[in-house]
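# Geometric and topological summary
Here are the chains, one letter per residue:
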There are 4 protein chains.
Amino acid sequence: MTARVIIDRIMGSLAGRARGTRRADRLAGVLRTLISERGEATGAALARRAVALYVGLDAAGRAHLFDKLAREFAPDPDAVLRAAVAYHAAPDAKSLAALQRAAEPPRQEVFRRMNMAPGGTAALLELRRELLAAQAGNPALVAVDHDLVHLLQSWFNRGFLELRRIDWNTPASILEKLIAYEAVHRIHGFPDLKRRLERDRRCFAFFHPVLPDEPLIFVEVALLDEIPREVAPILSMDSAVADPRKARCAVFYSITSCQQGLKGVSFGNFLIKQVAEDLRAELPNLRLFATLSPVPGLRDWVTKVLGPEGAGEFGPEASPEQRMTLERFAAHYLTREWSGSHALDPVARFHLGNGARLERLNWMADASGRGLAQSFGLMVNYVYDLGDVERNHEDYVKRHHVACAAAVEKLAREAAPALEKARHTPTFPA
Amino acid sequence: MTARVIIDRIMGSLAGRARGTRRADRLAGVLRTLISERGEATGAALARRAVALYVGLDAAGRAHLFDKLAREFAPDPDAVLRAAVAYHAAPDAKSLAALQRAAEPPRQEVFRRMNMAPGGTAALLELRRELLAAQAGNPALVAVDHDLVHLLQSWFNRGFLELRRIDWNTPASILEKLIAYEAVHRIHGFPDLKRRLERDRRCFAFFHPVLPDEPLIFVEVALLDEIPREVAPILSMDSAVADPRKARCAVFYSITSCQQGLKGVSFGNFLIKQVAEDLRAELPNLRLFATLSPVPGLRDWVTKVLGPEGAGEFGPEASPEQRMTLERFAAHYLTREWSGSHALDPVARFHLGNGARLERLNWMADASGRGLAQSFGLMVNYVYDLGDVERNHEDYVKRHHVACAAAVEKLAREAAPALEKARHTPTFPA
Amino acid sequence: MTARVIIDRIMGSLAGRARGTRRADRLAGVLRTLISERGEATGAALARRAVALYVGLDAAGRAHLFDKLAREFAPDPDAVLRAAVAYHAAPDAKSLAALQRAAEPPRQEVFRRMNMAPGGTAALLELRRELLAAQAGNPALVAVDHDLVHLLQSWFNRGFLELRRIDWNTPASILEKLIAYEAVHRIHGFPDLKRRLERDRRCFAFFHPVLPDEPLIFVEVALLDEIPREVAPILSMDSAVADPRKARCAVFYSITSCQQGLKGVSFGNFLIKQVAEDLRAELPNLRLFATLSPVPGLRDWVTKVLGPEGAGEFGPEASPEQRMTLERFAAHYLTREWSGSHALDPVARFHLGNGARLERLNWMADASGRGLAQSFGLMVNYVYDLGDVERNHEDYVKRHHVACAAAVEKLAREAAPALEKARHTPTFPA
Amino acid sequence: MTARVIIDRIMGSLAGRARGTRRADRLAGVLRTLISERGEATGAALARRAVALYVGLDAAGRAHLFDKLAREFAPDPDAVLRAAVAYHAAPDAKSLAALQRAAEPPRQEVFRRMNMAPGGTAALLELRRELLAAQAGNPALVAVDHDLVHLLQSWFNRGFLELRRIDWNTPASILEKLIAYEAVHRIHGFPDLKRRLERDRRCFAFFHPVLPDEPLIFVEVALLDEIPREVAPILSMDSAVADPRKARCAVFYSITSCQQGLKGVSFGNFLIKQVAEDLRAELPNLRLFATLSPVPGLRDWVTKVLGPEGAGEFGPEASPEQRMTLERFAAHYLTREWSGSHALDPVARFHLGNGARLERLNWMADASGRGLAQSFGLMVNYVYDLGDVERNHEDYVKRHHVACAAAVEKLAREAAPALEKARHTPTFPA
């Protein structure tokens, strides 16, 4: 490659970037009009144009736009300070309204207006997805994201969501999305999914009226006789279909958030509890609502504690003693390891935060490659006892106490000596 | 009535009020839990309880609750000031987030949480309706209302609204509501409504997905050959049904906002423009989109200018000269009288703010009692020329200039001498 | 009017008739093509043309067409006889098929083909309605009607009908039809109908998928504490709405067949029993399924027996003795008077034929003009006891025995002396 | 196996058969009641019982039932003869009604009554399917089948069918059926089907309201630039999706009847013409409606004419001369070989009977194993020219003339010498 060619390429790339940037500037101009008085009469048309312009932006243009949103659509610190002083002096309705006007970033109104256009909500979810990705390189975008997520939380308020049962009569276009989105136990095509939608399995998803074909989150449930110890029988495509009316236990064995653009807008808690209520009403024989959940951070943590070599001992052919040691470590990990005010394990954080109880550890419950890689195949059951959920949640939040079965607590306590020993090895994490 | 009885009644009433107050206190406690960390696990159940408690409150309880929302769920002025100072010192994402946390009244989160319950949105609309009524006696409630309307504007964002055509196949339960809500030209029962839904008439309404049976706003349209000069032929139940495909002019002859709880959340602009677009797509012969609108403030204003006696001359049997004088006054009133930055007449304010043009005055266009009482029977046509709407709106907002036909402008100018003369009479308003 | 004018008119009328006749001849030609081999390729288009031609025929044309259908689209007697002889000689599949081909009137295939066109079914119902009217003047049409009703019975087979609940959420266009069709207790506009659709009232209708907006038959039900003695409280618009879950008795107080073109195709039996089953499933407290029914033929029969003067004594101010006499006559009339193998009273015929039991006579249960005119205001209750329905029906059909309560049977027996006496008066019917 | 065991088995089998027979006898009893007067009151319940009993019958029971339907539910030859004589003597409405009563097999009423039960129609389709299979062993069943098909033709009248577009939003449960039913070009799972439902492909099916989840017949259409010469590009899953609005030619490349129980009830003609009309309305650029069709009987016929050895020469590597010979034979076969009054080839029979024109022969258009096996890979295009359809159909039916392009006619004429030659070989079919 000659210097000429290299220079041409760089120049071309710069030109492309400049074009993207110019487009982003043009869009920023439209957005300013959109939130001005002038934008009121033609709000719908302008909003449509803004969405179209955004959709047409390339990567450089979007980065430039995000930057402008961060810098130029933020509250004016002087104005905020003046309003805060005035509110402090006389905290009445008028000074409060002025304060709110001053403190609300203009980009919030930008997003509200863009949302008015057909396809606006979908475009904003896409924008959020890219904003999240762009944050790594530009910390100022955190504030933009904060504003957008604030609105999304309000718009995707549970009161606006529709719970739909997904079954084999659901349109293929939606089923296809479940197959693509499923994040816990991969779905191998339509025939696999079909077994998961038979009458002894259930699937429910939340939808928003403005995105009627886009599942936001979905949960898969198996209706069983008892709390399961392994996941393979649940996932098997060849298992006989059981009579759901005889099931005593509803097992949430997979829960997947579908929209990256809705990260941090949480529906899972509502979904599980709503589904539990609905199933209980439909199937009075159900006594137990439990999960069969992965422990995605277990191996990482054990490896930190014991080093890669130590962790290597907990494979499928581990001895009974090694297995016992693993279970003790797992019990400790799930009940006593924290990251700030949350359980260290992300799945534990979700269920314990919802008020569930850690019921049982199941060795070699998921022998898939992924299961072994994450947690040596170990899975756990959380139990949702709707009567205890509030107390458990409060203990968890206020006292950093994890509700768990006595056997789990015993295992966790028994982990102490081994941890003590590991602590004196050079690999123990600081 | 003996003193005993009177005292008993007062005591009973006080006891009742005390009971209502206690209930409101209990609800306030629930609301505090609802927005605490603890409320997360059982958010749905708590929200349901809060809504149920609110619905069960009597008038005294509601007044007490509103007061608590105003006082106890407002931002802390000290915290706001600290956050504003910090943001002023270092306006970054973190300080901005802290500022927004400090400046957002906690009652906003209260309303968001209540909205999660089934029926929550409807309960909040009802709450808003009562809040508006209660403001007269308690100015502090303005701030509560400001917060609620802020959320309602976000939730009833045009992007979430569904435009539905209303016709004779619409459920009777919805048609019945149109009959009850209609605010411009009363609908006298189902047979009257049926004529307004024939194929040469149209009716469209916005709905929100969470209130699928509640029209938010609706507009009635007549498909005619030309811009009409009077309303009676449009309202007549006995008129022949015309072929809509031959119509050249779509006339918006009635537009009604249905929900008092959504006062200030405006959809009318979007509704008219969307309907105009849809009709144009369906019926390519349509050339003109106009209104036949009342002038609700005309008589009041004329009475202020000329005194009751002077105003009395513009009745149905007015002479041609008197009629001319009235039209001049009306033209002046609609194009030159302002209340702050808005046209004085509320209907003019709506259409001119939307970017419409004042096209024509029609003497004795509405001979109904109400028409005579409001405006001596005079009605006007506004024209929506979609190409001019943005410019008209901008002239109106920035330059206080009203777009109008040359004939109307001429009438307005001719009003000057008469106004000058009236100004020297004692009845002219200050 | 001069002779010239009269002659012109007659000639004009004849010319009009001739034109109608020519059009009917043209349609008959199309129908012949339609059922020929040639019609197969273009069946849909030809059927559409046939339906359009039929719809365009005037009265004279239709009469002419009916006549042609009777004469020219009937089985050939020679061919039938040959086929019958062959079948008699060798009753196998082939000879049977040949027999059926010969015996089936070609007009049946005409109707089947016309039914293929969009709107074909509706056109055939209209044709049937007119055919029924035309039969009086042309007995040959009975055979045409017989063929059409044979097909309609097959097409409107209960398996194809859809039972829909009618309530206040039903489209106004359908509710309007119920108001127009109601044949038993007139509905005075939408507000009246609304009360009949509240939750302590029910309304159900059968629809056919091809006529989704046309109720075929509907029944109105009141959910009450006990079997009612009069109809006015049920029809009252001002009555309080009761809790349907507490009702013990479902009362069918009105049943109306909507389509004259379906006369003789009976759905009522299925409708009542299906509704009874569905209500029982929804409201487990329901114990009794009964009617409050008119006795439309009572006054006519009593008048025949006693003469107009004798019948005149049973008005609203009848003495207790007269009232008792009337009830005896009514009991006799309903349980012992037959027309061929059916009860003489048409409503009794319907309910007794369905297997219901005559439970009670209610004096002055319908004080409306119509009620007094038909039956001196007397109404009766039939009870549907689903366990007895088959036996009752069989007794009725095979043994001409009417299932009734002991009290009714006693009244009927007590009628004998009065009847004996009346028999010796000159007015007793032969 | 000892003699004892053998005897036990036979006895067991006989006992099973006897049990099945007894159940069939019981069902026959129910059916007799069902069509008696007594069955009227409890028709719905009895019909339900009959359907349930039928569904529960084993093979022996069904065979026995069919036999009873043939023998005991047939018209009485004596009664038929009497009625025919009477009708011959006086062919009026009364004698005709009596004739029809006598000539109609009672099993028709049996089927009508069974159809009233929920699931009745589906059960009758199943019954028909088995009846068809059983006919081989019992020719008397032909008459039963004749009666059932007569009713099915009436019930599945085109006027009652609903045309639905099938696309990727269709429920998976229905798509799965298309995959299973497809009879022409196998669908390899959902991803394969998805390509066939993209916007440059179309799929339409007829449904009956009473079987809303069961496609009766479906057609697959490709929207192309011109009439295609081979099927592989149409079936390819990897092809780019084209803009349907630019297509000039709609190609029906697969049409499948789904219900064996509806054999002989033909919808294909209606389906193709309706789809052609609808597509023309939606896509005004479409100029041509054609098929790409197999010639399923070609190899068999060629083999008969030339012997297996002669036929063996027309494989994929045939020389240009051999290919020309094959095309001549194919042209002759499709235009001049008849079975009674129908074209010998079943697909030709369908399209020519519908009035289509044979447009072109395409050598090696279907190189699949099946394509080679049936027709040496040769496929043909039929063209539906809606203006010519009626005339073509008439020529076909009345004059045994096949509408075809001049080039095809030329090929057919050129086949004569080769056929003449073949006729003098011993393998030529008699």
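## Details of the interface of chain A and chain B
Taken residue by residue, the interface counts 62 residues in chain A and 62 residues in chain B. Roughly 5000 Å² of surface becomes buried between chain A and chain B when both sides are summed, with 62% attributable to carbon and sulfur atoms. Run the count over chain A and chain B and you get two salt bridges. Here Arg48(A) ties to Glu277(B) by a salt bridge, and the two come within 3.2 Å at their closest N and O atoms. Applying the counting rule to chain A against chain B returns 20 residue pairs in polar contact (both at pLDDT 80 or more). Elements that contribute at least two residues to the side of chain A that touches chain B include exactly helix 2 (43-56), helix 4 (77-89), helix 5 (93-103), helix 6 (106-114), helix 8 (141-155), helix 12 (268-282) and helix 17 (389-399) of chain A.

## Describing the arrangement of the chains
With respect to C-alpha atoms, chain A approaches chain C no nearer than 16 Å, and the pair has no contact. Without any contact between them, chain B and chain D keep their closest C-alpha atoms 16 Å apart.

## Some remarks on the pairing of strand 2 (residues 201-207) of chain A
All names here are of chain A. Burial analysis of strand 2 places seven of its seven residues in the buried class, which makes it a mostly covered element. Burial of the side chains of strand 2 extends over both faces: Arg201, Cys203, Ala205 and Phe207 are buried on one face and Arg202, Phe204 and Phe206 on the other. Here strand 1 (residues 162-165) runs beside strand 2; their pairing, made up of four bridges, is antiparallel. What sits directly across from Arg165, in strand 2, is Phe204. With six bridges connecting them, strand 2 and strand 3 (residues 217-224) associate as antiparallel partners. Each bridged residue has a counterpart across the sheet, and for Phe204 the counterpart in strand 3 is Val219.

## What about the pairing of strand 4 (residues 249-257) of chain D?
All names here are of chain D. Most of strand 4 is tucked away: seven of the nine residues are buried. Here strand 3 (residues 217-224) runs beside strand 4; their pairing, made up of eight bridges, is antiparallel. When the sheet's bridge partners are listed, Leu223 is paired in strand 4 with Ala250. Where strand 4 meets strand 5 (residues 288-291), four bridges bridge the pair, whose relative direction is parallel. Bridge pairing links Ala250 to Phe289 in strand 5. In this fold, strand 4 hands off to helix 12 (residues 268-282), which returns the chain to strand 5; that crossover is right-handed.

## A word on the packing of aromatic side chains
Applying the stated criterion across every chain yields a total of 34 aromatic pairs over all chains. Taken together, the ring pairs connect Trp168(A), Phe190(A), Trp168(D) and Phe190(D) into an aromatic cluster. Sitting over the ring of Phe207(A), Arg164(A) keeps its end group 3.7 Å from the ring centre. A cation over an aromatic ring shows up here: Arg62(D) above the ring of Tyr54(D), its NZ or CZ 4.2 Å from the ring centre.

## Overview of the relation of the copies chain B and chain C
After a rotation of 179° and a shift along the axis of 0.0 Å, chain B superposes on chain C with an RMSD of 0.1 Å. Both copies of the chain, as the preceding transformation shows, are related through a two-fold rotation axis. When C-alpha positions in chain B are compared against the rotation axis, the closest is assigned to Pro171(B), at 2.0 Å. Take the interface residues of chain B: 100% of them recur as interface residues in chain C, which is what a same-surface contact looks like.

## A short note on the relation of the copies chain A and chain B
Least-squares fitting of chain A to chain B yields an RMSD of 0.1 Å, with the superposition described by an axial translation of 0.0 Å and a rotation of 180°. The residues that chain A uses at the interface reappear at the interface of chain B in 100% of cases, marking a shared surface.

## Points about the interface of chain B and chain C
Contacts between the two partners involve ten residues from chain B and, on the opposite side, ten residues from chain C. Contact between chain B and chain C buries roughly 870 Å² in total, counting both sides, with carbon and sulfur atoms accounting for 55%. For the pair chain B and chain C, the interface holds two salt bridges. The shortest N-O distance in the salt bridge between Lys194(C) and Glu176(B) comes to 2.5 Å. On the surface where chain B and chain C come into contact, there are eleven residue pairs in polar contact (both at pLDDT 80 or more). Put simply, the parts of the chain that give the side of chain B that touches chain C at least two residues each are helix 9 (172-181) and helix 10 (189-196) of chain B. With four residues, helix 9 of chain B is the single largest residue contributor to the side of chain B that touches chain C. Of the residues belonging to the side of chain B that touches chain C, the class tally is five nonpolar, three polar and two charged.

## What to know about the environment of His185(C)
Residue and element names in this part refer to chain C. Relative to the elements of secondary structure, His185 occurs in the loop between helix 9 (172-181) and helix 10 (189-196). We classify His185 as buried; its relative accessible area is 7%. Separated by 181 residues in sequence, His185 and Asp366 have C-alpha atoms that sit 9.9 Å apart. Those residues within four positions of His185 in sequence are excluded, and the remaining contacts are Arg196, Val231, Leu235, Tyr253, Ser254, Asp366 and Met379.

## Looking at the environment of Leu283(C)
Residue and element names in this part refer to chain C. The residue Leu283 is located in the loop between helix 12 (268-282) and strand 5 (288-291) in this model. Judged by relative accessible area, Leu283 falls into the buried class, the value being 3%. Here the alpha-carbon distance between Leu283 and Arg248, two residues 35 residues apart in the chain, equals 8.9 Å.

## Points about the pattern of salt bridges
Any two side chains of opposite charge can pair, given that their charged atoms come close. Under the defined criterion, the tally for this structure stands at 131 salt bridges over all chains. The salt bridge partner of Glu214(D) is Lys177(D), with a shortest N-O separation of 3.3 Å. With a gap of 37 residues between them, Glu214(D) in the loop between strand 2 (201-207) and strand 3 and Lys177(D) in helix 9 (residues 172-181) connect regions that are remote in the sequence. Linked by salt bridges that have partners in common, Asp25(A), Arg32(A), Lys68(A) and Glu72(A) make up one network.

## Considering a positive patch on the surface
Residues and elements named next belong to chain A. A surface patch of positive charge is lined by Arg19, Arg22, Arg23, Arg26 and Arg49. For the positive patch, the leading source of residues is helix 1 (residues 3-34), giving four residues. Locating Arg19 in the fold gives a position in helix 1.

## Section: the confidence of the model for chain A
Averaged over chain A, the pLDDT score is 91; the fraction of residues at 70 or greater is 97%. For this predicted complex, the interface confidence score (ipTM) comes to 0.86, while the overall pTM stands at 0.90.

## A few points about unusual backbone geometry
Phi is positive for His400(A), which is not a glycine, with a value near 50°. Tracing the backbone shows His400(A) in the loop between helix 17 and helix 18 (406-423). Here His400(A) falls in the partly exposed class, since its relative accessible area comes to 32%. We note that Met364(D) has phi near 55°; this positive angle belongs to a residue other than glycine. Checked against the element boundaries, Met364(D) lands in the loop between strand 9 (357-362) and helix 16 (369-375). Assessed through its relative accessible area of 17%, Met364(D) is described here as buried.

Each value, and the rule that gives it
- Residues numbered from 1 in each chain as written.
- Chains lettered and ligands numbered in written order.
- Predicted model: local features only at pLDDT ≥ 70, side-chain atom pairs only at ≥ 80, totals over all residues.
- Heavy atoms only, no water.
- Contact = heavy atoms within 4.5 Å.
- Buried area = accessible area lost by both parts, 1.4 Å probe.
- Salt bridge = Lys/Arg side-chain N within 4 Å of Asp/Glu carboxyl O.
- Polar contact = N/O pair within 3.5 Å; in protein donor to acceptor, adjacent residues only side chain to side chain.
- Helix = DSSP H or I, 4+ residues; strand = E, 2+ residues; numbered from the N terminus.
- Buried < 20%, exposed > 50% of the residue type's maximum accessible area, 1.4 Å probe, protein only.
- Pairing = 2+ DSSP bridges.
- Right-handed = clockwise from strand over helix to strand, strands pointing away.
- Phe/Tyr/Trp six-rings, centres within 6.5 Å; stacked < 30°, edge-to-face > 60°.
- Lys NZ or Arg CZ within 6 Å of the ring centre and 35° of its normal.
- Least-squares fit on C-alpha atoms with pLDDT ≥ 70 in both.
- Nonpolar A, V, L, I, M, F, W, Y, C, P; charged D, E, K, R; others polar.
- Patch = residues over 30% accessible without salt bridge, like charges linked within 9 Å, V, L, I, M, F, W, Y side chains within 5 Å.
- Areas by Shrake-Rupley, 256 points an atom, 1.4 Å probe, with all protein chains shown as cover.
- Lys, Arg positive; Asp, Glu negative; His and termini not counted.
- Charge placed at Lys NZ, Arg CZ, Asp CG, Glu CD.
- pLDDT = per-residue confidence, 0-100.

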